[in-house]
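# Observations on the three-dimensional arrangement
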Amino acid sequence: MDSDTPARERLIKPVFDYPFAQPPEPGQTLEVVPGVQWIRMPMPGALSHINIWSVADDGGFAQFDTGLRTEETAAAWRTLFAAAPPGARMTRVLITHMHPDHVGMAGWLTRKFNCRMWMTRQEYLYCRVLMADTGREAPEAAVDFFRRAGWGEAALEAYRARFGNFGKGIHSLPDSFNRVVDGQRIPIGEHVWRVVVGTGHSPEHACYHCPDLKLFISGDQVLPRISSNVSVYPTEPDADPMSDWLESLAKIKAEVPDEVLVLPAHNEPFTGAHLRLQELIAWHEAALVRVGETLRAGPQRAVDLFPALFPRVVGSDLLGFATGEALAHLNCLIARDLARRHTTAD
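### Here we look at the side chain of Glu204
- The topology assignment puts Glu204 in the loop between β9 (191-198) and β10 (205-210).
- Buried charged residue Glu204 carries no salt bridge. Nearest counter-charge: Arg179, at 4.9 Å.
- Filtering out sequence-adjacent residues up to four positions away, Glu204 remains in contact with Thr96, Thr120, Arg121, Gln122, Glu123, Val197, Gly198 and Thr199.

Take a look at the structure:
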């Protein structure tokens, strides 16, 4: 914007644009651009939905993400199949990352259409590892991890009860897959999509950029109204996913033009990618400062840092996400030599 533009005009000018007035209903599609369809699948909980995308491909369509494994999602898919043109087929299933709302129906769809699943290697393998925990008792190392973070016995007992549920939201994965890698260019229909990998929210999250269509399928890596959870988990207690996340956001800003229409997994498609990326970076950097200031008052457990990170009280339903994110900020500060960890008997 020109520097001579009046200050008031600059303030009231919309920063983000949401070009679609309403999202599609479950079981329906909405055309984003010719050949690209927006589908919204239902989810339980506060998010309530996931956006997935179908792209015209070789007489059929390539599917980006699939929805959570539930009866409601399966019913929505059956409605879509019934409304599809005769002979329409799914040519491939491309998964941004291994979280159940994204990969949950992939095995069901690839078997139904006898097509391949495309995914980064780390996401595929990590998903299979987590699915192997289905029905297993919570390991004591994980219980100790959350106890040290500040969880009480009631929270630990609830964790034991729900441990191993990850795989329940996912149909059995295909036994083989087509690996995608950062920078790979994939022809889909009449256009080429470039893989842009990010980390932090998940191990090797694949986003997809189509320069011809000026579209960016961002998965959970760039969301317009919420920030994806970035957590430390018991399996890798000293990990620094926050540094990975911040580096990934900067990388996407450098590699993906600002002019794209972002197709996110949650909320609505929007423009203003670079500003949103900068907002996400700035928010977490400010959160790191707040956590550091809290630590100057004296030693804190992870749960003691919630007021510095979250605008509302953390309930039991979000305790795991909040604890993981608090630890991610702490481990980032440790990596920057701005904090130290001291473990006591409790």
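### Section: the sheet that holds β9
- Here we have five strands laid out as an open sheet, ordered β8-β9-β10-β11-β12, and mixed in their pairing. Looking at strand neighbours, the two that pair on one side only are β8 (185-188) and β12 (261-264), the edges of this open sheet. The mean angle between the axes of side-by-side strands here comes to 30°, regardless of whether they run parallel or antiparallel.
- For β9 and β10, the ladder comprises five bridges, and the chain directions are antiparallel. Residue pairing for β10: Arg194 is matched across the bridge by His209.
- The strands touched by helix α8 (residues 241-255) within the sheet are β9 and β11 (215-219), with β9 carrying the most contacts at an inclination of about 155°.

### With respect to the pattern of salt bridges
- Counted by the stated rule, this structure contains 14 salt bridges.
- We note a salt bridge from Arg147 to Asp144, for which the minimum N-O separation is 2.8 Å. Taken together, the residues span about one helical turn, with Arg147 and Asp144 both in helix α6 (residues 140-149) at a distance of three residues.
- Overall, Arg147 belongs to the partly exposed group, its relative accessible area being 28%.
- In this structure, Arg160 and Glu157 form a salt bridge, with 3.2 Å as the shortest nitrogen-oxygen distance. Of this pair, Arg160 and Glu157 both sit in helix α7 (residues 153-162), three residues apart, which is roughly one turn of that helix.
- A relative accessible area of 46% means that Glu157 is categorised as partly exposed.
- Taken together, the shared-partner salt bridges in this structure form one network comprising Arg40, Arg225 and Glu268.

### Examining helix α4 (residues 106-113)
- Turning to α4, its buried residues number three or more, namely Ala106, Gly107, Leu109 and Thr110. Summarising the axial view, the buried residues of α4 lie within an arc of 165°, below the 170-degree limit, and thus occupy one face.
- Of the surrounding elements, those touching the buried residues of α4 are α2 (71-83), β5 (90-94), α3 (100-103) and β6 (116-119).

### Overview of the packing of α6 against α7
- At a minimum axis distance of 10 Å, the contact between α6 and α7 shows a crossing angle of 145°. Considering how the two elements wind past one another, α6 and α7 form a crossing that is right-handed. Where α6 abuts α7, its residues Glu140, Ala142, Val143, Phe146 and Arg147 lie against Glu153, Leu156, Tyr159 and Arg160.
- Grouping the constituent residues of the contact of α6 with α7 by class yields five nonpolar, no polar and four charged.

### A look at the environment of His201
- Within the element layout of this structure, His201 appears in the loop between β9 and β10.
- In this structure the C-alpha to C-alpha distance between His201 and Gly324, which are 123 residues apart in sequence, comes to 11 Å.
- Leave out the neighbours within four places in its chain, and His201 touches His97, His99, Asp220, Ser228, Asn229 and Trp245.

The rules we used
Residues numbered from 1 in each chain as written. Predicted model: local features only at pLDDT ≥ 70, side-chain atom pairs only at ≥ 80, totals over all residues. Heavy atoms only, no water. Helix = DSSP H or I, 4+ residues; strand = E, 2+ residues; numbered from the N terminus. Buried < 20%, exposed > 50% of the residue type's maximum accessible area, 1.4 Å probe, protein only. Lys, Arg positive; Asp, Glu negative; His and termini not counted. Salt bridge = Lys/Arg side-chain N within 4 Å of Asp/Glu carboxyl O. Contact = heavy atoms within 4.5 Å. Pairing = 2+ DSSP bridges. Axes fitted to C-alpha atoms, helices over the stretch in contact; angles between N-to-C directions. Arc of directions from axis to C-beta. Left-handed = near helix turned anticlockwise from the far one by under 90°. Nonpolar A, V, L, I, M, F, W, Y, C, P; charged D, E, K, R; others polar.

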